[in-house]
Structures are given as structure tokens and as C-alpha cells.
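Examining the three-dimensional arrangement
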Amino acid sequence: MMRRSKMFCTLHKWKISQALDSGKPISSHVRKHLSKCDSCREYAELCTSLKPKFTQDKQAILQDFDDSLNKRIMASIPDKPEWGAEPGGRIRAKRSVRRPVLIPSLAAALTVLAISISILFIFPRSKKAPSLGQLSILFSAASPEDVLLKVESPLEKEYTELKRAFESTSKYLISSLDFRIGPQAK
Amino acid sequence: MDNTRAVNHISDEELASKVAAGSRSSFEELITRYSSRLYYFLRYRFKTDQDTEDLIQETFLKAFHNIDRFSSEHKFSTWLYTIAIRLTISRFRSEKKRSGPLDPSSSPLDPQDIVIQKQESQNIWQMASKLGKRQYEALWLHYGEDMPIKDMAKILNKKPITVRVLLHRARQNLGKRMDQPLATRKLAGTTSAAHKFSFL
């Protein structure tokens with residue numbers, strides 16, 4: 001019960017602070033809580049007393065301030081500012097705003113462009129692309145069926161290689177797993 | 001004399017405009033208005049008074065050179081405090097130092113300083129300085145400069161809600177540090193007490 005009431009006090013104190021900062025009146029349920037809770041009432045009273053106390057004490061500390069610092073600062077100030085406004089003259093136009101975002105974007109675009117160019121020109125195309133010599137052999141074939149066979153032959157070669165790979169893989173799997181079906185199986 | 005009196009009634013923003021037009025005396029007036037305030041705002045950030053004064057000097061110099069960039073639509077105090085706090089941060093970054101101890105009791109003090117500290121112990125700002133630099137600065141800007149939360153957030157480079165939380169914690173901690181124990185205070189009556197807080 002005690003913990004619950006403390007939790008509510010924390011919330012109510014926050015509400016009091018919020019009301020103080022925003023200049024809005026406190027809500028009715030906070031007001032109702034204030035009438036019952038000593039701790040929150042004391043907090044609200046503290047909040048009201050702070051402003052005049054701070055203002056009064058600020059005057060006290062500022063009065064004691066030594067103005068030798070002001071003289072020192074004034075001595076360091078040049079006759080004219082760096083941007084050089086003439087007395088009574090026009091103020092220079094505002095400096096253009098730099099946009100540092102553009103620099104990395106430009107760098108990224110250039111990198112992408114460089115990679116694209118290197119892919120297109122530097123790296124050679126597929127070595128298996130038919131050369132002029134190979135094409136001449138192709139066209140020197142006797143009949144269209146021969147041409148088709150020659151054209152299809154790389155595909156066939158690939159098919160054979162795949163078949164061979166599949167067979168060797170299946171053999172390897174059978175030998176490694178060693179499972180048998182039928183009366184010989186243990 | 002009349003001239004001085006006339007200058008006293010001019011707002012900070014008007015003075016800044018005059019400085020931009022070349023009036024050095026207007027800048028002198030701004031220095032008079034703000035040097036002490038900046039000093040008490042920054043004093044717990046630095047180990048020595050000399051460091052604080054150097055930073056204030058640097059702040060005014062920067063403000064003078066950049067006065068053409070100040071827009072009179074904004075408050076001069078917010079602009080100046082922002083310069084000061086940014087210079088402070090950049091100084092600590094460049095020197096790679098940690099800020100000085102906030103609690104004066106934790107640093108070695110001369111006997112003379114101890115006497116001064118005892119004399120000042122009744123001052124609420126002295127008490128506030130022991131809360132931590134963030135809470136102290138929030139209190140200074142809010143109560144000392146009467147700044148709205150929005151401007152404070154800009155200066156302290158924080159979100160408005162963070163500034164509200166800072167202020168709330170500062171008030172609570174200050175209440176705990178008050179010499180007069182609040183818990184022992186009795187109010188006359190609950191109804192009248194509720195009326196007391198009608199400002200809220």
C-alpha cells in the first residue's frame with residue numbers, strides 16, 4: 001500500500017513540475033491528491049518558492065561580480081569584425097550554406113560508375129564465346145543437321161558432365177551409407 | 001550619461017543590430033549584460049576561474065565576428081549561450097580533458113575559498129551547483145535567464161522532454177538539499193493549501 005502511494009506521489013510530482021513548466025493549471029485529480037498528501041504538497045510549495053528565491057539570489061551573486069573581465073574582453077575585441085562591416089554600412093550577405101551530404105553521394109555515384117566500367121571493359125567476356133575461326137568451321141559443315149549437331153554439342157557435353165557427376169555422387173552415397181534391402185540386409 | 005541610460009533601455013536584439021552596423025559601444029553594453037551571467041552559467045564546467053574567463057572571452061569574440069549571422073527574430077541570449085556551450089564542448093573535445101569537478105568540496109580549496117564558500121552557502125545557486133552540471137545549467141537557464149523549455153533544449157542540445165525531466169529532477173534534489181526540512185513543515189489547512197497552488 002505504502003509503495004503504491006509512493007508511486008502515485010512520483011507521478012503527481014511529475015504532473016506538478018509539468019504544470020509549472022507549461023504554465024497550465026494542474027488537473028483536478030492532482031489537486032485532490034494535494035489535499036491529502038503532505039509530501040506532494042510540500043513539493044508544490046517548494047516549486048512556488050524556487051522562482052523568487054532564484055531571482056533574488058541571482059541578483060546577489062551578479063552584484064558581486066568583478067567587472068575586470070569586461071575590460072579584458074573589450075580589450076580583445078578588434079575595431080572591426082572579421083567580415084568587415086563599415087560603420088553604418090550594409091551587412092554582408094549571408095554565407096552560402098555548405099551541403100556536406102552531396103560529397104559522399106557524389107563519391108558513391110563515382111564508385112558505382114567505375115565498377116560498371118571495369119565490368120564492361122576490363123574483365124574479359126566468356127572464354128567459351130565462339131571465335132571467328134570456330135564459326136567458319138561451323139559454316140563449313142555439310143548439311144543443316146550437322147550444323148545443329150555442332151551447335152547442340154556444348155549442351156550435350158554439359159549434359160554428359162552432369163550425368164557423370166550425378167553417377168559419381170550416387171556411388172559415393174551408396175558406399176558411405178551402406179544400406180541394403182532384402183534378405184542380405186543386417 | 002543620457003547616452004548610457006538610453007543604451008540601458010535598448011533590447012539585446014537591437015543592440016546586436018547596432019553592433020552589426022558597426023557600433024562598438026553597443027557590443028560593450030552586451031558584454032556588460034552577459035559576461036557575469038555567462039560566468040555563473042559556465043563556472044562549474046571548468047577547473048579554474050581563469051579557464052572560465054578565457055572561454056567567456058572567446059565566446060564574445062566569436063559572437064562579435066559572427067554578429068552578421070545573428071537574426072533578430074531569435075533571442076540574443078539563446079544565440080550567445082549556444083555559442084558558449086558549443087565552444088565549451090569543442091574545447092573539451094580538443095583537449096581531451098574531462099570537465100572539472102562540479103562539487104567544489106571535492107576539489108582542493110584555499111582557506112580563503114572555504115570562507116567564501118561558507119558565506120555563499122545560503123545562496124540557492126551555490127546549493128544548485130552541487131546537483132550536477134546538467135541540472136545546474138538547466139536551473140540557471142530556466143530560473144536565471146527565464147528561458148522557455150524550447151530555447152533551453154536548443155542550447156543544451158537536448159530534446160524538450162529531456163530538459164523537463166532535468167528540471168524536475170533538479171527541483172526534487174534541491175528540495176532534498178534544502179536546509180529547512182520540508183517534511184516538518186505543516187500547512188494551515190488542506191483547502192487553503194489547494195488554493196495556494198492555483199498558479200499551477
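Here we look at the overall build of chain A
From N to C terminus, chain A includes 7 helices and 0 strands. The buried share among the 186 residues of chain A stands at 12%. Sequence separation of 24 or more characterises 38% of the internal contacts of chain A that already satisfy a separation of 6 or more.

Focus on the overall build of chain B
Looking only at helices and strands, chain B features 11 helices and 0 strands. A buried classification covers 34% of the 200 residues belonging to chain B. Contacts in chain B between residues far apart in sequence, at least 24 positions, make up 60% of those at least 6 positions apart.

Brief notes about the packing of helix α9 (residues 149–156) of chain B against helix α10 (residues 160–177) of chain B
All names here are of chain B. Relative to each other, α9 and α10 sit at 100 degrees, their axes nearing to 8 Å. Classed by the angle they form, the pair α9 and α10 counts as roughly perpendicular. Residues Ile149, Lys150, Met152, Ala153 and Leu156 of α9 form the contact with α10, whose own contacting residues are Pro160, Val163 and Arg164. Looking at side-chain class alone, the contact of α9 with α10 contains 6 nonpolar, no polar and 2 charged residues.

Considerations on unusual backbone geometry
Residues and elements named next belong to chain B. Phi is positive for Asp146, close to 55 degrees, though the residue is something other than glycine. Mapped onto the elements, Asp146 comes out in the loop between α8 (133–144) and α9. Not every positive phi belongs to a glycine, and Asn157 is a case in point at roughly 55 degrees. Position of Asn157 among the secondary structure elements: in the loop between α9 and α10. A residue is classified by how many C-beta atoms lie within 10 Å of it, and Asn157, with 11 of them, is exposed.

Describing helix α2 (residues 28–36) of chain A
Residue and element names in this part refer to chain A. When α2 is considered as a whole, its buried residues turn out to be Val30, His33 and Leu34. One face of α2 carries all of its buried residues, which in axial projection span an arc of 105 degrees. In this structure, α2 carries Ser28, His29 and Lys36 as exposed residues pointing more than 90 degrees from its buried face.

Some words on the confidence of the model for chain B
Residues and elements named next belong to chain B. Residues of chain B with pLDDT of at least 70 account for 72%, and the chain-wide mean is 78. For the stretch residues 101–109, pLDDT sits under 50, and the model shows 10 contacts to residues farther than four places along the chain or on other chains. In the predicted structure, residues 181–200 sits below a pLDDT of 50 and forms 25 contacts with residues beyond four places in sequence or in another chain. With pTM at 0.61, the complex prediction returns an ipTM value of 0.71.

Notes on the packing of helix α3 (residues 24–42) of chain B against helix α4 (residues 49–65) of chain B
All names here are of chain B. Contact geometry of α3 with α4 gives a least axis separation of 10 Å together with a crossing angle of 140 degrees. On the basis of the axis angle, α3 is oblique to α4. Seen along the crossing, α3 lies across α4 with a hand that is right-handed. Of α4, the residues touching α3 (which contributes Phe27, Ile31, Ser35, Leu38, Tyr39 and Leu42) are Thr52, Leu55, Ile56, Thr59, Phe60 and Phe64. Residue composition of the contact of α3 with α4, by class: 9 nonpolar, 3 polar and no charged.

Focus: the nonpolar core
Core analysis: the largest hydrophobic core is formed by 59 residues, its most contacted members being Ile16 of chain A together with Leu80, Ala84, Ala128 and Ala138 of chain B. Setting aside residues up to four positions removed in sequence, Ala138 of chain B forms contacts with Met152, Val163, Leu166, Leu167 and Ala170 of chain B.

Notes on helix α3 (residues 38–63) of chain A
All names here are of chain A. With 26 residues, α3 extends 37 Å between its outermost C-alpha atoms, agreeing within 8% with the 38 Å of an ideal straight helix rising 1.5 Å per residue. A maximum bend of about 30 degrees is found in α3 at Leu50, where proline Pro52 lies one to four positions downstream. Cys40, Arg41, Glu42, Tyr43, Ala44, Leu46, Cys47, Leu50, Phe54, Asp57 and Lys58 are the residues of α3 that are buried.

Considerations on the environment of Pro160 of chain B
All names here are of chain B. If you trace the backbone, Pro160 turns up in helix α10. Overall, Pro160 belongs to the partly exposed group, with 15 C-beta atoms counted inside 10 Å. It is 6.1 Å that separates the C-alpha atoms of Pro160 and Ile149, two residues lying 11 residues apart in sequence. Those residues in contact with Pro160, other than ones at most four positions away along the chain, are Ile149, Lys150 and Ala153.

What counts and how
- Residues numbered from 1 in each chain as written.
- Chains lettered and ligands numbered in written order.
- Predicted model: local features only at pLDDT ≥ 70, side-chain atom pairs only at ≥ 80, totals over all residues.
- Helix = DSSP H or I, 4+ residues; strand = E, 2+ residues; numbered from the N terminus.
- Buried ≥ 20, exposed ≤ 12 C-beta atoms within 10 Å, placed from the backbone.
- Contact = placed C-beta atoms within 7 Å.
- Axes fitted to C-alpha atoms, helices over the stretch in contact; angles between N-to-C directions.
- Parallel < 35°, antiparallel > 145°, perpendicular 65-115°, else oblique.
- Nonpolar A, V, L, I, M, F, W, Y, C, P; charged D, E, K, R; others polar.
- Arc of directions from axis to C-beta.
- pLDDT = per-residue confidence, 0-100.
- Left-handed = near helix turned anticlockwise from the far one by under 90°.
- Core = buried A, V, L, I, M, F, W, Y, C linked by C-beta atoms within 7 Å.
- Expected span 1.5 Å × (residues − 1).
- Bend = angle between axes of the 7 residues up to and from the residue.

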